[in-house]
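Report on the structure
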Amino acid sequence: MRYINFHTHYPPADTKPEIAIVSCVAPEPLQQCPPGIWLSYGIHPWYILHSNMTNLIEKVKTLAHNQQVIAIGEAGLDKLRGPAMDIQRQIFCQQIDISETTQKPLIIHSVKANNEILSLRKKRKPLQPWIIHGFNGLPQEMEQLIKEDFYLSFGPRIFYSDSKAANSLKAIPSDRFFLETDHTNKSISALYLRAAEIRGISTQELEEIIENNFRRLFGNIIE
Ligand SMILES: [Zn+2]
């Protein structure tokens, strides 16, 4: 089995059974990770600091060109935490631009903001894929998002049997999802087991599905 952890804050100890995108958040430097572990870099809405927004954006622009950085983010909107929405929106839109100019997909943190992010995608028509990480919406919301070409990444909420995340994961088309541990200490293998159970398929089938999705977004960076 080769697991792909789409979004984590902790590099895996052994790269062999696991491919991961480690989320590095400005103004922190890039984490040192061995080849095979990939990074995303961006400004998390929680950590937007008014005083040095320009510096933060410049830092993202620079590090976005690093070869190990394969995605921009996590960027996004959080209606429960962080600065005022207009500031969050401004920083998010600047990162949409960075994602487009560097041609790297955008990993999105969205709390109570899926509708707004959906309409931003409709309005801006970006060419890069957008992936909402830690998705915990209802199946109807999932459907609206995938209609606009979003990808969704599911985290440990799928362990709760009647959670919105578990119900959405059950119904989402195979070519639209990933799994992630985010900042929890859950193992990615446990997430694969649980997701396979929810979808009624084997973990091998799931491995193939997620690998195909990963290749669609990032080309042949994995063997
Ligand atoms: Zn995260």
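The protein chain has the name TatD DNase family protein in an unreviewed UniProt entry, where Thermophagus xiamenensis is given as its organism.

A few words now on the UniProt feature "binding site: a divalent metal cation 2" (unreviewed entry) in the protein chain. UniProt records the feature "binding site: a divalent metal cation 2" (unreviewed entry) at His109 and His133, using the numbering of this structure. What stands out for the annotated residues spanning 25 residues is how close their C-alpha atoms remain, the widest pair being 6.0 Å apart. One can find His109 in strand β5 (residues 106–111). Excluding residues within four positions of it along the chain, His109 makes contact with His44, Pro45, Trp46, Glu74, Ala75, Gly76, Leu77, Asp78, Ile117 and His133. Among the structural elements, His133 can be located in the loop between β6 (130–132) and α4 (139–147). By relative accessible area, which is 6% here, His133 ends up buried. If we skip the residues at most four places from it in the chain, His133 touches His7, Glu74, Ile107, Ile108, His109, Ser153, Glu180 and Asp182. Within the local environment of His133, its side chain forms a polar contact with the side chain of Glu74, the two groups lying 2.9 Å apart.

Coordination of the zinc ion by the protein involves His7 (NE2), His9 (NE2), Glu74 (OE) and Asp182 (OD), with metal-donor separations of 2.1 to 2.4 Å. Taken together, the four donor atoms coordinating the zinc ion span angles of 81 to 167° at the metal, a pattern that classifies the geometry as irregular. When the donors of the zinc ion are listed by position in the chain, the intervening gaps give H-x1-H-x64-E-x107-D. A residue pair is termed long-range when its members are at least 10 positions apart, and His9 in the loop between β1 (3–8) and β2 (18–25) and Glu74 in strand β4 (residues 69–78) qualify at 65 residues. With a relative accessible area of 2%, Glu74 lands in the buried category.

The next point concerns the sheet that holds strand β7 (residues 151–154). Reading across from one edge, β1-β2-β3-β4-β5-β6-β7-β8 is the order of the eight strands in this open sheet, with parallel pairing throughout. Each having just a single partner strand, β1 and β8 (177–179) make up the two edges of the open sheet. The average undirected angle you get between the axes of adjacent strands in this sheet is 25°. In the sheet, β4 pairs with β5 via five bridges, with the strands oriented parallel. Bridging across to β5, Ile72 finds its partner in Leu106. Set on the sheet, helix α2 (residues 85–102) makes contact with β3 (37–42), β4, β5 and β6; between it and β4 the angle comes to about 160°.

Moving on, we come to the pairing of β2. Taken across its eight residues, β2 has eight buried, putting it largely inside the fold. In β2, alternate side chains face the same way, and those of Glu18, Ala20, Val22 and Cys24 on one face and Ile19, Ile21, Ser23 and Val25 on the other are all buried. Of the pairings in the sheet, the one linking β1 to β2 comprises four bridges and is parallel in character. Bridge assignment links Asn5 to a residue of β2, and that residue is Ala20. Pairing analysis gives six bridges linking β2 to β3, with the strands arranged parallel.

Parameters at a glance
Residues numbered from 1 in each chain as written. Predicted model: local features only at pLDDT ≥ 70, side-chain atom pairs only at ≥ 80, totals over all residues. Heavy atoms only, no water. UniProt positions renumbered as here; feature names shortened; annotations may be inferred. Helix = DSSP H or I, 4+ residues; strand = E, 2+ residues; numbered from the N terminus. Contact = heavy atoms within 4.5 Å. Buried < 20%, exposed > 50% of the residue type's maximum accessible area, 1.4 Å probe, protein only. Polar contact = N/O pair within 3.5 Å; in protein donor to acceptor, adjacent residues only side chain to side chain. Donors = N, O, S within 2.8 Å, 3.2 Å for Na, K, Ca; no water. Tetrahedral: all angles 85-135°; square planar, octahedral: opposite > 155°, others 65-115°. Pairing = 2+ DSSP bridges. Axes fitted to C-alpha atoms, helices over the stretch in contact; angles between N-to-C directions.

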